[in-house]
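Chain by chain, the residues:
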Amino acid sequence: MTLTVVKTPSEEALAALLDGAQAALPGKDFASVRADAVEKFRSEGLPNRRVEEWKYSDLKRVMPKDLSLAGEVSADEISKQMAVVPRLRGLDCDRLVLVNGVFRADLSDLDALQGKVSLTPVSKALEEGAFVLDELEIAKGDRALTLNTALLQDGVIIDVADGVELERPIEILSLMIGGGMATTRNRVSVGKNAKAFILETFVGDEQAYQVNEAIDFRIADGASLSVSRLLSEGVNALHLGSTTAILGEKSHFEHFTMSTGGQFTRNTAFVKFTGEYSDAELFGATIIGRNQHSDQTLLVDHAVPNCNSKEQYRTVMDDKAQGVFQGKIFVRQPAQKTDGQMMSQALLLSEDAAFFNKPELEIFADDVQCAHGATCGELDEDLLFYLRARGIPLDKAKKMLVLAFLAEAVEHVSNDAVVEALEGFIADWLGLDH
Amino acid sequence: MLEIKNLHAEVEGNKILRGIDLTIKAGEVHAIMGPNGSGKSTLSYVLAGKDDYEITEGEILFFGEDVLEMEPEERAAVGMFLAMQYPIEIPGVANMTFLKTALNAQRQTRGEPELKTPDFMKRVKELSAKLNVTQEMLRRPLNVGFSGGEKKRNEILQMALLEPKFCVLDETDSGLDIDALRIVSEGVNALRSEERSMLIITHYQRLLDYIVPDVVHVMYQGRIVKSGDKDLALELEEKGYADYTGGAAA
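Treat the numbers as computed from the prediction; the structure is a model and nothing was measured. (Residues numbered from 1 in each chain as written. Chains lettered and ligands numbered in written order. Predicted model: local features only at pLDDT ≥ 70, side-chain atom pairs only at ≥ 80, totals over all residues. Heavy atoms only, no water.)

### Digging into the interface of chain A and chain B
- Chain A puts 17 residues into the contact, and the matching count from chain B is 29 residues.
- Carbon and sulfur atoms make up 68% of the area that chain A and chain B hide from each other, which totals about 2000 Å².
- The largest share of the area that chain A buries against chain B comes from F385(A), Y386(A) and R390(A), three residues that together contribute 39% of it.
- Our enumeration of links across chain A and chain B arrives at 4 salt bridges.
- Residue D382(A) pairs with K50(B) through a salt bridge whose shortest N-O separation is 3.0 Å. (Contact = heavy atoms within 4.5 Å. Buried area = accessible area lost by both parts, 1.4 Å probe. Salt bridge = Lys/Arg side-chain N within 4 Å of Asp/Glu carboxyl O.)

### Details of the domain arrangement of chain A
All names here are of chain A.
- When cut into domains, chain A gives domain 1 (9-275) and domain 2 (381-434).
- Averaged C-alpha coordinates put domain 1 and domain 2 at centres separated by 30 Å.
- Listed as interface residues are 15 residues of domain 1 and, on the opposing side, 13 residues of domain 2.
- Buried area between domain 1 and domain 2, both sides added, is near 1100 Å², and the carbon and sulfur share of it is 81%.
- When the buried area of domain 1 at its contact with domain 2 is split by residue, L88, F256 and M258 rank highest and sum to 41% of it.
- Across the contact surface, domain 1 and domain 2 share 0 salt bridges. (Domains from an automatic or database assignment.)

### Describing the sheet that holds strand β3 (residues 29-33) of chain B
Residue and element names in this part refer to chain B.
- Spatially, the 6 strands line up as an open sheet ordered β6-β9-β10-β3-β11-β12, and their pairing is mixed. Every other strand in the sheet has two partners, leaving β6 (80-83) and β12 (223-228) as the edge strands with one partner each. Averaged over all adjacent pairs, the angle separating strand axes in this sheet is 20°, with direction ignored.
- The pairing of β6 with strand β9 (residues 166-170) spans 4 bridges and is classified as parallel. Residue pairing across strands places A83 opposite L169, the latter belonging to β9.
- Seen against the sheet, helix α6 (residues 148-162) touches β6, β9 and β10 (197-201) and runs at an angle of roughly 165° to β6. (Pairing = 2+ DSSP bridges. Helix = DSSP H or I, 4+ residues; strand = E, 2+ residues; numbered from the N terminus. Axes fitted to C-alpha atoms, helices over the stretch in contact; angles between N-to-C directions.)

### Notes on the side chain of Q205(B)
- Here Q205(B) lies in the loop between β10 and α8 (206-210).
- If near-sequence neighbours (up to four positions away) are discounted, Q205(B) is found in contact with M33(B), A233(B), L234(B) and E237(B).

### Quick notes on the packing of helix α4 (residues 117-130) of chain B against α6(B)
All names here are of chain B.
- The interhelical angle for the contact between α4 and α6, taken along N-to-C directions, is 135°, at an axis separation of 10 Å. What the angle tells us is that α4 and α6 run oblique. In terms of crossing hand, the pair formed by α4 and α6 is right-handed. On α6, the residues touching F120, R123, V124, L127 and S128 of α4 are L157, A160 and L161.
- By residue class, the composition of the contact of α4 with α6 is 6 nonpolar, 1 polar and 1 charged. (Parallel < 35°, antiparallel > 145°, perpendicular 65-115°, else oblique. Left-handed = near helix turned anticlockwise from the far one by under 90°. Nonpolar A, V, L, I, M, F, W, Y, C, P; charged D, E, K, R; others polar.)

### Considerations on the nonpolar core
- Counting 117 residues, the largest nonpolar core has L47(B) and F166(B) as the members making the most contacts within it.
- Per-element tally for this core: the top contributor is helix α9 (residues 394-410) of chain A, with 10 residues.
- Split by domain, the residues of this core number at least three in each of domain 1 (9-275) and domain 2 (381-434) of chain A.
- The residues touching F166(B), leaving out its near neighbours within four places in the chain, are M1(B), L2(B), I24(B), L47(B), F62(B), G79(B), M80(B), F81(B), S197(B), M198(B) and L199(B). (Core = buried A, V, L, I, M, F, W, Y, C linked by side-chain atoms within 4.5 Å. Buried < 20%, exposed > 50% of the residue type's maximum accessible area, 1.4 Å probe, protein only.)

### Side note on the pairing of strand β11 (residues 215-220) of chain B
Residue and element names in this part refer to chain B.
- Taken across its 6 residues, β11 has 6 buried, putting it largely inside the fold.
- For β3 and β11, the ladder comprises 4 bridges, and the chain directions are parallel. Counted as the bridge partner of A31 is V216 from β11.
- Linking β11 back to β12 in an antiparallel pair, the connection comprises 2 residues, with Q221 at a positive phi of about 50°.

### Description of the sheet that holds strand β16 (residues 322-331) of chain A
Residue and element names in this part refer to chain A.
- The strand order β3-β4-β6-β8-β10-β12-β14-β16-β18 describes an open sheet built from 9 strands, whose pairing is mixed. Whereas interior strands pair on both sides, the edge strands pair on one side only; in this sheet they are β3 (118-121) and β18 (354-363). Across the sheet, the mean angle from the axis of one strand to that of its neighbour is 10°, orientation sign disregarded.
- Bridging between strand β8 (residues 209-219) and strand β10 (residues 237-247) involves 11 bridges; their strand directions are parallel. Among the inter-strand pairings, F217 is bridged to a residue of β10, identified as A245.

### Focus: the pattern of salt bridges
All names here are of chain A.
- Tallied over the full model, the rule gives 42 salt bridges over all chains.
- Among the salt bridges present, the one from R314 reaches E408, with a minimum N-O distance of 3.2 Å. Taken together, the positions of R314 in strand β15 (residues 308-317) and E408 in helix α9 put the pair 94 residues apart, joining distant regions of the chain.
- Overall, the relative accessible area of 8% leaves R314 in the buried class.
- The closest approach of N and O atoms between K399 and D395, which form a salt bridge, is 3.4 Å. Linking K399 with D395, this pair stays in helix α9, spanning 4 residues, or about one helical turn.
- Overall, the relative accessible area of 21% leaves K399 in the partly exposed class.
- Each member of the salt-bridge network shares a partner with another, and the members are D92, D94, K116 and R168.

### Some details on helix α7 (residues 178-190) of chain B
All names here are of chain B.
- An ideal rise of 1.5 Å per residue puts 18 Å on 13 residues; α7 measures up with 18 Å between its terminal C-alpha atoms.
- Burial in α7 covers these residues: A180, L181, I183, V184, S185, G187 and V188.
- Among the structural elements, α4, α6, β9, β10 and α8 are those in contact with the buried residues of α7.
- Sitting at the amino-terminal end of α7 is D177, which places a side-chain oxygen 3.2 Å from the backbone nitrogen of D179. (Expected span 1.5 Å × (residues − 1). Polar contact = N/O pair within 3.5 Å; in protein donor to acceptor, adjacent residues only side chain to side chain.)

### Some details on a negative patch on the surface
- Together, D319(A), E351(A), D352(A), E378(A), D380(A), E381(A) and D51(B) give the surface a local cluster of negative charge.
- When you line up the elements, E351(A) lands in the loop between β17 (339-348) and β18. (Patch = residues over 30% accessible without salt bridge, like charges linked within 9 Å, V, L, I, M, F, W, Y side chains within 5 Å. Areas by Shrake-Rupley, 256 points an atom, 1.4 Å probe, with all protein chains shown as cover. Lys, Arg positive; Asp, Glu negative; His and termini not counted. Charge placed at Lys NZ, Arg CZ, Asp CG, Glu CD.)

See the structure below:
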């Protein structure tokens, strides 16, 4: 007997949506995996403040009760939205496009990627029975991932072969138009000694919509992967993002998240070291206002010795915005000589903004260097005075300092063109000329 | 140009300035000397508009306009400049970006057209060469990792670029070695003109060998207790402030 906890209108609506959608979702072989996930959702309901991992981000409270799957959109509507949504522009990259949760080969730069990487739509892999969930132990049971599995529509699988060094970034752009729910999962495998730069962009219109997206990075021995994620969702969007990364030996993983949009955003990153002498750098810059809610949750699993992880997140909040940082570095007993440094810094521009900062270390090895720090403050009056004393008006001086605060996180991105585009993006967001 | 009348200011109830009267005419260079805690730096911050100070009495007029009613950025735009004793480090703001933003913000406030980037670069290059401010220093975040001398040279660069009508130099000589003092002083002297006035706050007479003042004032306990010509500075160097502090060692 299954105990059913689904009870709020939004949970009932979601359960009905899950049931109704099953038949049309791709992949017969995947049906039983989905059915298990649906069952799990029915027994758990939506995560809420009583669930420790979701304490500050109550999904039950924010999930709408009118739910439907996002529909198809015309090419006209797509190009219209692409022209107006705030995103990084002028970057030299190869683009893969997903619209309302469906991979669009017709809008993607497939010719440019031909011969450089192997590319498979997730829907095709599902139909062919070739898509296997490869869940990390630390991500198992994650509520957002459960929902992702239950409704998985599409995505892209990118394989970078051993030894291949990609010169141009690959952008995976996800666009939402006309409201509704979309569920995707992408996968990027970087072969031995290969090198790649992935840009993830999430944009959409002003309709109420819900995105549940996951991405799995598999970084082989000696490989190097840089990822920059830009969450610039529409003002009424609900975004659940889950990133998993598995690092092989002597590999390098750089992961940057820029979050500005959406009404409610939850980003979770699960990172696991499986080979020695690897390092992961996880950075983030968040800027929110109105009554936006943005949550960055991290779980870094040091399972083997001699690896370094560095986490540095900066959050700026105005109006009645709420920010959350939850970071946990987990050092298992064999993971001697681990170096883990985690820092979360928040800047509050308004008395009504709030930030919940929860860094955690769980260490079972005895020869490690781990530290975490968390700060929360306002703009420095002395810095403001200096700028004003040189003739810069107060409002502009504040914006310059906000940009400067976030730029310190952005500047860790290893691609100069992307750094410049991100700083330009923040300046635009602030209404600052650059 | 500048008139300070019976100025009283306090911080958290502590009276710091207790009736300053000072008039500076166009083209004049005045120096203020005085023992620690006499209120010299407070006067400079009050002139620039830092809001940690409560003005309880008096007024400051700049070309007849009430300065105390102006925000710090408005004071800068009408031509007042404070070279800070401790120039602050601002990570994430490139020095060059800051200079350009400041100059164009002032021009915009005054209703003047923005200076185009090539013209701006040309001016900065000319001025920075004279002040030994390197390209590297212009690219770096504002004052971050600058030595004491580099910070002060960067202050004078800002002053030269912004072309204020009235400059306050708050202990610009502190932390400078002889060579840096010479470069900074030459930079300041190059800006002396019939239309520009300066107020130099210093502990040491040495600076006044390089930047020769028209008038020297002695400040003590928030008041100007004596004024004279440049020889007054020499006299202070020799005798100290004992005559003004009632014999207590300064």
